[in-house]
Amino acid sequence: MKTERPVLVGAYAALPALRADQERFYEGLADRGIADGLELPFRDGLGEDANWPAGQLRGRFTGSVITLIPGTMVRVAASATFGLASGDDDGRRAALAFLHEARVTAEELNQLTGEQSVSVLHIHTAPSTTAVPEEFARSLDEIAASEAAAGGWSTRLVLEHCDAYSPAVPGEKRFLPLDEEIPLAREGGIGITVNWGRSAVEAQDPARPLAQIDRLAAEGLLEGVMFSGAAPVANEFGGPWADAHLPLTEDEPTSLMNAAEVRRCLRAAQGAFSYTGAKIQVPGHAAVDERLAMVGRVTGLLSEPAVLRHG
């Protein structure tokens, strides 16, 4: 693919269970031009064999993203005060330590592959319901100071907007609203990425992602757009308005994310983003080729000539 703006795939959401099938899946993402880079989940390091993920990346995927959201939500569930925006100092410092661990992991991957395999880390305004904007700003200041002291990193930070807390909507992540994240990002010198499904879940409204993308593009803060679907009714991937990474309507009829909506969002982005991508679930019984086809139907929209010309 290798377009001007790389297309990333959150492959872990569609990954087969068996190691051999996983290797075929990664190979197919690269060989079929479905992905330029990956969105990689971070929970606790690289596991027992760091050479295996490095081997999947090397020579195939560059400019990838490590997202801290899987590990963040595990820790938020265990301790409601965990997060970079926590008003509890212990919870905030635990989140800073977690970020440092992820950043060291990114450096390790880049060293193992000998390439710029990972370029971005997605951070978040946790904890749920009690996030404090001033504490997130404090965390960003401390991160910048430690980065300067360390002589810099090979990765940069991007704030991924997730569904904001509202007493009127159950939500899933329930972090800070975009209105509060925008000044924090501007002051901290970082961009913001929108995940289509999480923005739709935020207001239980499929129009919300487009509005947020349009606003961030106008503000000059749009860093990326990741496409995951959402549905107002239960389906095989989750309950109503779950952050379940649904595929396109073509593959899951309950999904509100269709090709026309993807194109509208890309036009609203005005080419002002650094990367775009897809993160979708697939049926558990799906064969590797079927998984690749479903992911490819999303990423194919992201590299359409009309979209690229608009950018």
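Data block above holds the structure.
All values reported here derive from a predicted model rather than from experimental measurement.

A. Quick look at the overall build of the protein. In terms of regular secondary structure, the protein is built from 11 helices and 8 strands. A compact globule built from 311 residues would reach a C-alpha radius of gyration of about 19 Å, and the protein, at 18 Å, matches this within 12%. Along the three orthogonal principal directions, the C-alpha set of the protein runs to about 45 × 45 × 40 Å. Among the 311 residues that make up the protein, the fraction classed as buried is 54%. Entry remark: accessible area of the protein is about 12,300 Å², with carbon and sulfur atoms responsible for 50%.

B. Molecular detail of the packing of helix H6 (residues 178–188) against helix H8 (residues 208–219). Between H6 and H8, the shortest axis-to-axis distance is 12 Å and the interhelical angle comes to 25°. Classified by the angle between their axes, H6 and H8 sit roughly parallel to one another. Relative to H8, the crossing made by H6 is right-handed. Contacts between H6 and H8 pair Leu178, Asp179, Ile182 and Arg186 from the former with Gln212, Arg215, Leu216 and Glu219 from the latter. Taken together, the residues of the contact of H6 with H8 break down into 3 nonpolar, 1 polar and 4 charged.

C. Geometry of the sheet that holds strand E7 (residues 222–227). Taken in spatial order, the 8 strands of this closed barrel run E1-E2-E3-E4-E5-E6-E7-E8, and their pairing is parallel. The mean inter-strand angle of the sheet, taken between neighbouring strand axes irrespective of direction, is 30°. Bridge analysis of strand E1 (residues 7–9) against strand E2 (residues 37–41) gives 2 bridges, and the strand direction is parallel. Within E2, the position partnered with Leu8 by the bridge is Gly37. Along the sheet face, helix H4 (residues 89–113) touches E2, strand E3 (64–67), strand E4 (118–123) and strand E5 (156–161) and points at about 165° away from the line of E4.

D. Unusual backbone geometry, seen in detail. Here Ala126 and Pro127 are connected by a cis peptide whose omega angle stands at 15°. Structurally, Pro127 can be placed in the loop between E4 and helix H5 (133–150). Residue Gln204 is not a glycine yet carries a positive backbone phi of 50°. Here Gln204 shows up in the loop between helix H7 (196–203) and H8. A relative accessible area of 36% places Gln204 in the partly exposed class. Phi at Gln270 is positive, roughly 60°, even though this residue is not glycine. Inspection of the secondary structure assignment puts Gln270 in the loop between helix H9 (259–269) and strand E8 (275–278). Of the residues examined, Gln270 reaches a relative accessible area of 46% and is grouped as partly exposed.

E. View of the pattern of salt bridges. In this structure the tally under the stated criterion is 24 salt bridges. The residue Arg32 makes a salt bridge to Asp289 at a minimum N-O spacing of 2.7 Å. With a gap of 257 residues between them, Arg32 in the loop between helix H1 (19–31) and E2 and Asp289 in helix H10 (residues 288–302) connect regions that are remote in the sequence. Classification of Asp289 by relative accessible area gives partly exposed; the value is 41%. We note a salt bridge from Glu223 to Arg156, for which the minimum N-O separation is 2.5 Å. Here Glu223, found in strand E7, pairs with Arg156, found in strand E5; they are 67 residues apart in sequence, far enough to count as distant. The exposure class assigned to Arg156 is partly exposed, which follows from its relative accessible area of 37%. Three or more residues are tied together by salt bridges with common partners; here these are Asp89, Arg92, Arg93, Glu135, Arg138 and Glu142.

Scoring rules and cut-offs
- Residues numbered from 1 in each chain as written.
- Predicted model: local features only at pLDDT ≥ 70, side-chain atom pairs only at ≥ 80, totals over all residues.
- Heavy atoms only, no water.
- Helix = DSSP H or I, 4+ residues; strand = E, 2+ residues; numbered from the N terminus.
- Rg over C-alpha atoms; globule rule 2.2 N^0.38 Å.
- Buried < 20%, exposed > 50% of the residue type's maximum accessible area, 1.4 Å probe, protein only.
- Areas by Shrake-Rupley, 256 points an atom, 1.4 Å probe, with all protein chains shown as cover.
- Axes fitted to C-alpha atoms, helices over the stretch in contact; angles between N-to-C directions.
- Parallel < 35°, antiparallel > 145°, perpendicular 65-115°, else oblique.
- Left-handed = near helix turned anticlockwise from the far one by under 90°.
- Contact = heavy atoms within 4.5 Å.
- Nonpolar A, V, L, I, M, F, W, Y, C, P; charged D, E, K, R; others polar.
- Pairing = 2+ DSSP bridges.
- Salt bridge = Lys/Arg side-chain N within 4 Å of Asp/Glu carboxyl O.

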